[in-house]
Structure formats: structure tokens, C-alpha cells
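Examination of the molecular architecture
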Amino acid sequence: MRRLVIFAHYDSLNRIEKYVEIYLKELFKNNAKIIFVSDSELPLIEQKKITDYTEKIIAKHHGEYDFGSYKIGFKYCLDSQILKEFDELIFVNDSCYAPLAPFEKMFSAMDSKNIDFWGITANKTKKANNIPHIQSFFLAFRKNVFMSEYFKKFVLSFSKLNTKEDIINEYE
């Protein structure tokens, strides 16, 4: 399966930490083309740390958190007309350390499933209006979803929201 990853990054010191490099390398090893979108002004010396694993690096402050980075990366993919080349689109952010185990087994298991989307963590807590949801630090969508007009409009509508609960309710 050909994967396109939009990786959302933020670092208040405008750096790419080692765990992010490891995460990107593991995704790259699993047939992923990576669009790296940072909400930080990354100097070229930092960007060079990840050029072997990324197709495109967009590093500019936008203030719209992870979903803003997903939107910017998705818009880049639409504008460059590369979406049709892929079977799966994955939104990933740097808010967790990964992988704790190699991704091959996870991707192999999910590749065999006839599903429209999947994620790594389901949240079933009493927050977010008691609505169970898949957490947004790793969301995968199959082609029938990410090529749909509804999905395109939804992602392009992402904007900065005021609270974490607003983000969960609107986007997760």
C-alpha cells in the first residue's frame, strides 16, 4: 500500500528533536511519502535533519495547531495533484513518541482490512460531549475517503479553535 503522510510538527525552540527524526524514519521505511508541516520557523540546519525522509518540508508559523498543519499539507497535496498516487493518507503529529515497536506489523494488519479509515487510539472518556472518537495524533484514511469532495471541504475548513474540547468536538 502506498502511503502519504502529512506530519504536523511544532517546537517552541524551532528545533527538530531526535524522537521526531526516528518517527519519520520509521514511517519512511513503511512505504510512506512524507509531507512535513511545521508550525515553527525551522532554520535550514534543522530541516536538513529530515530531508532524507521527507518529500516536502513546509516550515512557517501559522498558529492553527496540528489541524492547521494537516490543512496546509493537504492543500499542498491538492495543488501538486499527488493524492491520486496513494492508497492511504495519514495525518500524524509529533505529540507522542513513536514507534514503541516497528510499524510493519501494524501496517500489515491494517492493510488487510476492508475499512475506510482507522487510527491508533480510541478515546472513550467522559470528555468531548461523551462522544467516543479516534485521537488525531495518528489517523489513516483510504482513497475513497480522502479523494471525496466532502473530505476535501472538511479538511480545508480547519481553522484555529479556542479550546482542546472544541478541537475534539469539531475535528476528532
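Going by the structure above, here's the rest.
Presented here is a report on the structure given in the accompanying data block. Since this is a predicted model, take the numbers as computed values, not measurements. Within each chain, residue numbers correspond to sequence positions counted from 1 in written order. Only residues with pLDDT of at least 70 are given local features in this predicted model, and only at 80 or more are side-chain atom pairs given and counted; all residues enter the totals for whole chains, interfaces and linings. Note: side-chain values were computed over all heavy atoms of the structure, leaving out hydrogens and water.

Before going further, it helps to spend a moment on the pattern of salt bridges. A side-chain nitrogen of Lys or Arg and a carboxyl oxygen of Asp or Glu constitute a salt bridge if their distance falls within 4 Å. Under the criterion given, the structure shown has eleven salt bridges. When the shortest N-O distance is used, the salt bridge between D111 and R3 registers 2.7 Å. Here the residue D111 occupies a position in helix α4 (residues 104-111), and R3 occupies one in strand β1 (residues 3-9), the gap between them amounting to 108 residues. R15 is the salt-bridge partner of E17, the closest N and O atoms lying 3.0 Å from each other. A cluster of three or more residues bridged by salt bridges with shared partners is formed by R3, E88, D111 and R142. Strands are runs of DSSP state E lasting at least 2 residues, helices are runs of H or I lasting at least 4, and numbering of each runs from the N terminus.

Let us now look at the sheet that holds strand β3 (residues 56-59). A pair of strands is labelled paired if DSSP reports no fewer than 2 bridges between them. Spatially, six strands are ordered β3-β2-β1-β4-β8-β5 in an open sheet, and the strand pairing comes out mixed. The strands lining the two open edges of the sheet, one partner per strand, are β3 and β5 (117-119). Each neighbouring strand pair of the sheet contributes to a mean axis angle of 15°, computed without reference to strand direction. Note: strand β4 (residues 88-93) against strand β8 (residues 138-142), five bridges, orientation antiparallel. Note that in β8 the partner of F91 across the bridge is L139. Helix axes are fitted to C-alpha atoms over the stretch in contact, other axes to C-alpha atoms as well, and angles between N-to-C directions run from 0 to 180 degrees.

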